[in-house]
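# A look at the structure
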Amino acid sequence: MEYRRLVAVYDRLDATSSTIEKTDILADSFADAGELLPELTQLARGHLFASWESDELGVSSSLTARAIADTTGVDDDRIDEWWRETGDLGDAAAAAVEARPQTTLVSETLDVRDVYTTLRGLAAYEGTGSQTRRTDAIAELLADAEPNEARYIVRTIVGAMRLGVGEGTVRDAVATAFLDGSEAAIRDVERAYEVTNDFRTVGETARERGAAGLDDLSVELFRPIKAMLAQKAETVSDALDATERPLLEYKYDGMRVKIHVRGETVRVFTRRLEDVTAQFPDVVRAVDDELTTQSAIIEAEVVAYDSETGDPTPFQKLSKRIKRTNEIEQLAAEYPVTVHAFDLLYHDGQSLIDAPLSERLTCLEELVGQSGQTVVRATHRRPTSGDDAASFYADALEAGQEGVIVKNLNAAYQPGSRVGYMLKVKPTMEPLDLVVVRAKWSEGRKSDWLGRLRLACWDVERQELREVGRLFSGLTDAQLREITAKLEPLIQSVDGRTARLRPEVVIEVEYEEIQESTTYDSGYALRFPRFGGFRDDLGPEDADRFERVERLYEDQWTH
Ligand SMILES: Nc1ncnc2c1ncn2[C@@H]1O[C@H](COP(=O)(O)OP(=O)(O)OP(=O)(O)O)[C@@H](O)[C@H]1O
């Protein structure tokens, strides 16, 4: 399929703001995609990898800008200017291709598969000279591109398609293209996506085998599964009232993981589906030594404890281990962890996600046993009364943990959903996890550092980020330095001293109050926001929802 046909689809998606129309446009293109369907289910959102594939393109916006200059012969400064004016490097690429001096070379027609393979290939370059090879590969692709093709190639590279196509649109389009598009069909596709996290598999299965085929898709070892999320309850007794058959567990403030085991092979995935096996050799060893199983997927909270006091250390310390590529064993010794196992999703060849929690836990307790040193069952209690539950909650806080989670022993596991099968109870007003979307270079002595962060929450309905305030004080020099290092590679455009960023960095923000505001496009602003740490374990799509900000705003008057 020629790339220009996909570009025509992108243009049609761009031309409408109606989600229903976007769904229909995509559904038509999926139905016509033939053998390119897997690629199209990803390219529809400008993705090149499934969310759990560990590859990243490794291409910054400035490197892409260089490739555009190389291939078109247009001056760097002009490209920068266009980029600044529109805030979109894709538009700058289109303008540069348009302005390219005519060459006598006959260019090739671009094919979807070539674009897809070349761009995916960028991730594979390693070592010295890899940046130059990446620039060359992009330049070569753009040499054959029409202006509009260049626009979307570049947007795909920098990860900003701006087409308003989210996971939900792709899901509905698959349900419309290959099933009957009904609510039931959408639920079938949704469930299949939750267990596979891969629209390539879901799209092909829906087309080849319909709803029955989707139903057969299940949890597989070494293919990460989304986490089931908790809802919040104000008090333990509210949580008990709302739960059919309650079990209380400590709520640990650590890193949520799913550990996949088959024989001697162990892999550890975070909640963002990243593979962190290499960073946690101590966890792998403990699983090897302490568990008795052929195959399993165990869910657990990994917590680092202070070796002197025995107290749990804040998550921020443990998170240092997540991104580490060197001195891993040293860091493991410095921050020794305990793995608090709390669920079992797969065991000896069988998915358990549809089984009730009571059954999953019986099985988990057999696996984990009593004698584990590092892998232990999360502390839990089946409460006999409200007072009993309250004293368990007090114990959890006394032990330095965050609170409790109240779970329903009759409930199945719902990957990726906040369905109310577990309710969290914590004592404080909860901080918000927000995405940094813009930043401003500081003044005076600190003028090399990006501070003054504009923060945004995620609006599910509109499929966009909406700003809720800015964080501009109370940051230490060390924090400013770290923030700058994280944000600089994400700069998409610069206006005066303000940089617009690719929305990737999520931070925890504490605040006193939420106010109405006309300054930010969410209509709200945080009062006295404070930096509570990086949430490296969350992606922009995991940021707090606009709906939650609204609810917190309303709730603060009723408590
Ligand atoms: N015993 C436990 N069972 C389930 N989850 C637990 C347990 N102990 C700690 N957790 C953690 O609590 C989180 C549940 O809260 P939620 O799903 O809302 O995640 P969150 O948005 O990160 O919330 P929070 O910021 O409160 O951790 C889980 O993601 C998990 O990491």
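Residues numbered from 1 in each chain as written. Predicted model: local features only at pLDDT ≥ 70, side-chain atom pairs only at ≥ 80, totals over all residues. Heavy atoms only, no water.

With an unreviewed UniProt entry as reference, the protein is termed DNA ligase, source organism Halogranum amylolyticum. Among the UniProt annotations of the protein, the heading Cofactor (unreviewed entry) holds the following wording: "Mg(2+)". If you open the UniProt record of the protein and go to Catalytic activity (unreviewed entry), you find "ATP + (deoxyribonucleotide)n-3'-hydroxyl + 5'-phospho-(deoxyribonucleotide)m = (deoxyribonucleotide)n+m + AMP + diphosphate." (UniProt positions renumbered as here; feature names shortened; annotations may be inferred.)

## Points about the overall build of the protein
Summing up its helical and strand segments, the protein has 20 helices and 20 strands in all. Taken over C-alpha atoms, the radius of gyration comes to 25 Å for the protein, in line with the 24 Å a tight globule of 559 residues would show. Dimensions of the protein, computed from C-alpha atoms along their principal axes, come out at roughly 80 × 65 × 50 Å. Relative to its full complement of 559 residues, the protein shows a buried share of 54%. Long-range pairs, those at least 24 residues apart, make up 71% of the contacts in the protein with a sequence separation of at least 6. A gap of 3 Å separates the mean positions of the 67 positive and 104 negative side-chain charges of the protein. (Helix = DSSP H or I, 4+ residues; strand = E, 2+ residues; numbered from the N terminus. Rg over C-alpha atoms; globule rule 2.2 N^0.38 Å. Buried < 20%, exposed > 50% of the residue type's maximum accessible area, 1.4 Å probe, protein only. Contact = heavy atoms within 4.5 Å. Lys, Arg positive; Asp, Glu negative; His and termini not counted. Charge placed at Lys NZ, Arg CZ, Asp CG, Glu CD.)

## Here we look at the side chain of Thr72
Checked against the element boundaries, Thr72 lands in helix 4 (residues 61-72). Engagement of the side chain of Thr72 in a polar contact is seen with the backbone oxygen of Ile68, the distance being 2.7 Å. (Polar contact = N/O pair within 3.5 Å; in protein donor to acceptor, adjacent residues only side chain to side chain.)

## Comments concerning the site of the ligand
In the neighbourhood of the ligand, 18 residues make up the surrounding shell, with Arg271, Glu301, Lys407, Arg418 and Lys424 lying closest. At 3.0 Å, a side-chain N or O of Arg256 approaches an oxygen atom of the ligand. Between an oxygen atom of the ligand and a side-chain N or O atom of Arg418, the distance comes to 2.9 Å. Here the ligand, which alone exposes 590 Å², has 92% of that area covered by the protein. Sort the elements by how many residues they give to the shell around the ligand and strand 2 (residues 246-251) lands first, with three residues. Along the lines of polarity and charge, the residues of the shell around the ligand split into seven nonpolar, no polar and 11 charged. (Near = heavy atom within 4 Å. Areas by Shrake-Rupley, 256 points an atom, 1.4 Å probe, with all protein chains shown as cover. Nonpolar A, V, L, I, M, F, W, Y, C, P; charged D, E, K, R; others polar.)

## Notes on a negative patch on the surface
A cluster of acidic residues, Asp70, Asp75, Asp76, Asp77, Asp80, Glu81, Glu85, Asp136 and Glu140, forms a negative patch at the surface. Contributions of two or more residues to the negative patch are made by helix 5 (76-86) and helix 8 (130-143). The element that contributes the greatest number of residues to the negative patch is helix 5, accounting for five residues. Relative to the elements of secondary structure, Glu81 occurs in helix 5. Using a relative accessible area of 41% as the deciding quantity, one classes Glu81 as partly exposed. (Patch = residues over 30% accessible without salt bridge, like charges linked within 9 Å, V, L, I, M, F, W, Y side chains within 5 Å. Salt bridge = Lys/Arg side-chain N within 4 Å of Asp/Glu carboxyl O.)

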